[in-house]
Protein chains: 2
Amino acid sequence: MKRRSFIKTSTLAALTAAVPMAGASGGKSKSRSSASKGKMKLTYRPYDLQLKHTFTIANSSRTITPVVLTEIEYDGIVGYGEASLPPYLGETQASVVEFLKKVQLDAFSSPFEMEDILAYVDKIAENNTAAKASVDIALHDLVGKLVNQPWHRLWGLDPAKAPDTTFTIGIDTPEIVKQKTEQDAPLYNILKVKLGRANDREIIEAIRSVTSKPLAIDANQGWGDKRYALDMIYWLKEQGAVMVEQPVSKHRLDDSAWITERSPLPVFADESFQRLTDLMRLRGAFTGVNIKLMKCTGMREAWKILNLARAVGMKVMIGCMTETSCAISAASQLSPAVDWADLDGNLLISNDLYRGTEVVDGRLVLNNLSGIGVLRN
Amino acid sequence: MKRRSFIKTSTLAALTAAVPMAGASGGKSKSRSSASKGKMKLTYRPYDLQLKHTFTIANSSRTITPVVLTEIEYDGIVGYGEASLPPYLGETQASVVEFLKKVQLDAFSSPFEMEDILAYVDKIAENNTAAKASVDIALHDLVGKLVNQPWHRLWGLDPAKAPDTTFTIGIDTPEIVKQKTEQDAPLYNILKVKLGRANDREIIEAIRSVTSKPLAIDANQGWGDKRYALDMIYWLKEQGAVMVEQPVSKHRLDDSAWITERSPLPVFADESFQRLTDLMRLRGAFTGVNIKLMKCTGMREAWKILNLARAVGMKVMIGCMTETSCAISAASQLSPAVDWADLDGNLLISNDLYRGTEVVDGRLVLNNLSGIGVLRN
């Protein structure tokens, strides 16, 4: 056996030595040569996103969104990541920092072992999905940069197929909603409207007094009764709505199934859906799911969710929290493969630290930058 | 709107120009610069694989396996692919050539649009899964070479986790089986035994007279009755078998479910399973599925199947036909993520045209070559 091993091993050496056949690549061979000795270094810092407008949904209001910005450095290259922490989701800058302190990446010899690295990170503690996403995104950015490719390309997606993004009109008085719509509607091809309150119809009428553009509706669990929800959906369709998110409480899957069965519009799970393991449970209860990196622990699981959803005939939308262009650009790498994109989180803040995926004439435009496609401002 | 577009576009230009931040890369920038104008060129030729030993399964025998070898050339780089055509699966060299004549890759501007390219290829005609795989594999090899990375790395898998491969002892007289076992058992850590005939117990006893190594059993639908199959499985477990493939007819899912429910060993679907869309139907009827590139149209769908199977709690094995090291190395890229590997097809032929993934002390050893990891001999 010894001798056989020796022969095989030397043959392997020959094969490995032949790598340049694929074309010279500084970044590549550099990363390979150090793959066995290099160490990944994870750093992070809390940062507060300033919102351009007070942000209101069915059950909260705020003017800032706390985030934690991460970096993973390896072989002289830095990958950027982010955890966005809207208060109502339970994670805080403190809990993320606490989590990230436990992440020991130097146990891994190479950032390319993404499956194992991210499985390890996921096992460190329950939940903490945004903290986990901040590692996943930085790791994807790093690996993409090491291979000099944007992730949409590594996933085999055509960036020209990136869809329009919805732009969110927050809940407010009909007057303010009308003003916001007058200001923002011209820049987008589809508007997202947060409903789920008593004045839903007034809000829609205020918007319709300004624009006839298609509307994506997010009820944020705000409609108390399934029959009321279905009536609203029928009425909203007449008003030019094209899809609805989370009509009723996330726990009421039977009601959601009842609504989805009868709905003239596709019904998406948002609060009802967190991770890959939730998807099978939601079949039948919703037409599709809203994938958010901060809920599903990042890009790797998001890609798996997308493919699982397709395999079982469900639709997919990609959403976001209020985030910098870091997490938004990461999410946008997946956008050429989704049915709907709601990636306006970076457009709602005044102190973005990154430039990346842009919105041109209402459509997401992915650049050719490696990794998640961002530059630090 | 015009002015806004202009500003956005120029910003994008700036971002794109900034690409080198990720490290210089000849291969990469080369492929990007020509991504918009380059064309892919698909070529192919029939080739007959000479088998070292007459190959016998429950319902056929042969001494050669016809294949079609493919190449996709783009930007001066060539990706290798292969369609393996065991007679009992229905495709022939003629049918593959007929199919490949219809493939118009020059309609696509870049090989990186894998999702769209492979969706187009899949729609050209029903079935023809090996022909489709020959395009998928060559495209994966090409794209991997363009980005200077092996696919196990692009998939984030640790090559050190590649498992042992089973080595197949074909059906024959107990004497021949004993001779084959004496010859081959020392080189492998797990043997695959093709059963499904009247002398199954004799065959196992012949093997056991030579070696006590674990056995993977492939009944190839050969056990006529579910109770007989279950009795055999219990007996085989006592004989040191660790898993069973396709105990009864591929159409008898109820019997498979009955067997799987009671089986002391994991039961895998082979003939019952072809493609991603079959998987959900097999939940409950089998413990896992045997993914073969020639059945599922190639590497991209294989990766999706693996992730779907994991998401629904099913086990996965990766199998093969009699193939050159081209298709075997392509399949092996996935092997660090599977429960069992049966990738010995290239070890059974005497006129392999490629060198790639090797077997060292019974274990699959993936090299660092880009793409599917092969060199042309």
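Here is what the cut-offs are and how they apply
- Residues numbered from 1 in each chain as written.
- Chains lettered and ligands numbered in written order.
- Predicted model: local features only at pLDDT ≥ 70, side-chain atom pairs only at ≥ 80, totals over all residues.
- Heavy atoms only, no water.
- Helix = DSSP H or I, 4+ residues; strand = E, 2+ residues; numbered from the N terminus.
- Buried < 20%, exposed > 50% of the residue type's maximum accessible area, 1.4 Å probe, protein only.
- Contact = heavy atoms within 4.5 Å.
- Areas by Shrake-Rupley, 256 points an atom, 1.4 Å probe, with all protein chains shown as cover.
- Pairing = 2+ DSSP bridges.
- Domains from an automatic or database assignment.
- Buried area = accessible area lost by both parts, 1.4 Å probe.
- Salt bridge = Lys/Arg side-chain N within 4 Å of Asp/Glu carboxyl O.
- Polar contact = N/O pair within 3.5 Å; in protein donor to acceptor, adjacent residues only side chain to side chain.
- Disulfide = S-S within 2.5 Å.
- Expected span 1.5 Å × (residues − 1).
- Phe/Tyr/Trp six-rings, centres within 6.5 Å; stacked < 30°, edge-to-face > 60°.
- Axes fitted to C-alpha atoms, helices over the stretch in contact; angles between N-to-C directions.
- Parallel < 35°, antiparallel > 145°, perpendicular 65-115°, else oblique.
- Nonpolar A, V, L, I, M, F, W, Y, C, P; charged D, E, K, R; others polar.
- 1 Å grid on protein atoms, 1.4 Å probe; cavity = no way out; pocket = protein on both sides within 12 Å on 5 of 7 lines; lining within 4 Å.
- Points joined across faces, edges and corners; volume = space filled by probe spheres on them.

S.K.: Got a sec to walk through the overall build of chain A? Specific residues and values, please.
M.R.: The helix and strand inventory of chain A stands at 14 helices and 15 strands. Buried positions account for 63% of the 377 residues belonging to chain A. For chain A, contacts bridging at least 24 residues in sequence account for 69% of all contacts bridging at least 6. Total accessible area on chain A stands at roughly 13,400 Å², and carbon and sulfur atoms take up 52% of it.

S.K.: Give a detailed account of the sheet that holds strand S6 (residues 215-218) of chain A, specifying residues and quantitative values.
M.R.: Residue and element names in this part refer to chain A. Strand order in the open sheet made by the eight strands is S4-S5-S6-S7-S8-S9-S10-S11, with parallel pairing throughout. Bordering the open sheet on either side are strand S4 (167-169) and strand S11 (340-341), each of which pairs with just one other strand. Relative to S6, strand S5 (residues 191-194) runs parallel, the two being bridged by four bridges. What sits directly across from Leu191, in S6, is Leu215.

S.K.: Got a sec to walk through the domain arrangement of chain A? Specific residues and values, please.
M.R.: Residues and elements named next belong to chain A. Domain annotation of chain A identifies domain 1 (20-148) and domain 2 (153-376). Computed over C-alpha atoms only, the centres of domain 1 and domain 2 are separated by 24 Å. Contact with domain 1, which involves 42 residues of that partner, is made by 38 residues of domain 2. Interface area, domain 1 with domain 2, both sides summed: about 3,400 Å², of which 58% is carbon and sulfur. Summed over the shared surface of domain 1 and domain 2, the number is four salt bridges. Measuring nitrogen to oxygen at the nearest pair gives 3.2 Å for the salt bridge that ties Glu115 to Lys304. Between the two partners, domain 1 and domain 2, sit 18 residue pairs in polar contact (both at pLDDT 80 or more).

S.K.: Lay out the state of the cysteines in plain terms, naming residues and giving numbers.
M.R.: Residue and element names in this part refer to chain A. Considering all chains together, one arrives at zero disulfides over all chains under this definition. Cysteine Cys296 is unpaired, with the sulfur of Cys320 as its nearest cysteine sulfur at 13 Å. The exposure class of Cys296 is buried, given its relative accessible area of 0%.

S.K.: Describe in detail the sheet that holds strand S11 (residues 340-341) of chain B, supporting the description with residues and values.
M.R.: Residue and element names in this part refer to chain B. Read across the sheet, eight strands follow the order S4-S5-S6-S7-S8-S9-S10-S11 without closing on themselves; strand pairing throughout is parallel. Two strands close off the open sheet at either side, each with one partner strand: strand S4 (167-169) and S11. Across four bridges, strand S6 (residues 215-218) lies against strand S7 (residues 241-245) in parallel orientation. Following the sheet pairing, Ala216 is matched in S7 by Met243.

S.K.: Can you explain helix H5 (residues 129-146) of chain B? Please cite residues and give values.
M.R.: All names here are of chain B. Counted at 1.5 Å a residue, the expected span for H5 with its 18 residues is 26 Å, and the 25 Å between its end C-alpha atoms agrees. Counting buried positions along H5 gives 18 out of 18 residues, so the element sits mostly inside the fold. Of the residues flanking the end of H5, it is Asn148, one or two places downstream, whose phi is positive at about 55 degrees.

S.K.: Could you give an account of the packing of aromatic side chains, with specific residues and numbers?
M.R.: Under the defined criterion, the tally for this structure stands at ten aromatic pairs over all chains. Seen from their ring centres, Trp151 of chain A and Trp155 of chain A are 5.5 Å apart, and the 55 degrees between their planes marks the pair as tilted. Across the pair, Trp155 of chain A and Trp151 of chain A agree in class, each one buried. When the centroid spacing of 5.5 Å and the interplanar angle of 55 degrees are considered together, the rings of Phe108 of chain B and Tyr120 of chain B count as tilted.

S.K.: Please give an account of helix H9 (residues 226-238) of chain B that cites residues and values.
M.R.: Think of an α-helix as turning once every 3.6 residues; residues three or four places apart then point the same way. Residues and elements named next belong to chain B. Relative to the 18 Å expected for 13 residues at 1.5 Å per residue, H9 spans 19 Å between its end C-alpha atoms, a close match to the ideal helical length. Taken together, the buried positions of H9 are occupied by Lys226, Ala229, Leu230, Met232, Ile233, Trp235 and Leu236. Buried positions along H9 lie against helix H8 (200-208), S6, S7 and helix H10 (253-262).

S.K.: Mind laying out the side chain of Lys192 of chain A, listing which residues take part and the relevant values?
M.R.: When you line up the elements, Lys192 of chain A lands in strand S5. For Lys192 of chain A, the residues in contact, after removing those within four places along its chain, are Thr166, Phe167, Thr168, Ile169, Ala216, Asp218, Glu245 and Asp342 of chain A.

S.K.: Please give an account of the environment of Val338 of chain A that cites residues and values.
M.R.: With respect to the helices and strands, the residue Val338 of chain A is situated in the loop between helix H14 (325-332) and S11. Discounting chain neighbours no more than four positions away, the residues touching Val338 of chain A are Pro163, Leu306, Arg310, Val316, Met317 and Ile318 of chain A.

S.K.: Which residues make up the packing of helix H13 (residues 299-311) of chain A against helix H13 (residues 299-311) of chain B, and what values go with them?
M.R.: Close contact between H13 of chain A and H13 of chain B brings their axes to 9 Å; oriented N to C, the two are set at 95 degrees. Between H13 of chain A and H13 of chain B, the angle falls in the class roughly perpendicular. Mapping the contact onto sequence places Arg300, Trp303, Lys304, Asn307, Leu308 and Ala311 of chain A in H13 of chain A and Arg300, Trp303, Lys304, Asn307, Leu308 and Ala311 of chain B in H13 of chain B. Here the residues of the contact of H13 of chain A with H13 of chain B sort into six nonpolar, two polar and four charged.

S.K.: Explain empty space enclosed by the protein to me, using residue names and the numbers behind them.
M.R.: The final tally for this structure, using the stated rule, is three cavities of 30 Å³ or more. For the largest cavity, the calculated volume is near 210 Å³. In terms of lining, the largest cavity is formed by 16 residues, of which the most central are Leu154, Trp155 and Trp303 of chain A together with Trp155 and Trp303 of chain B. Its residues placed into classes, the lining of the largest cavity shows nine nonpolar, three polar and four charged.

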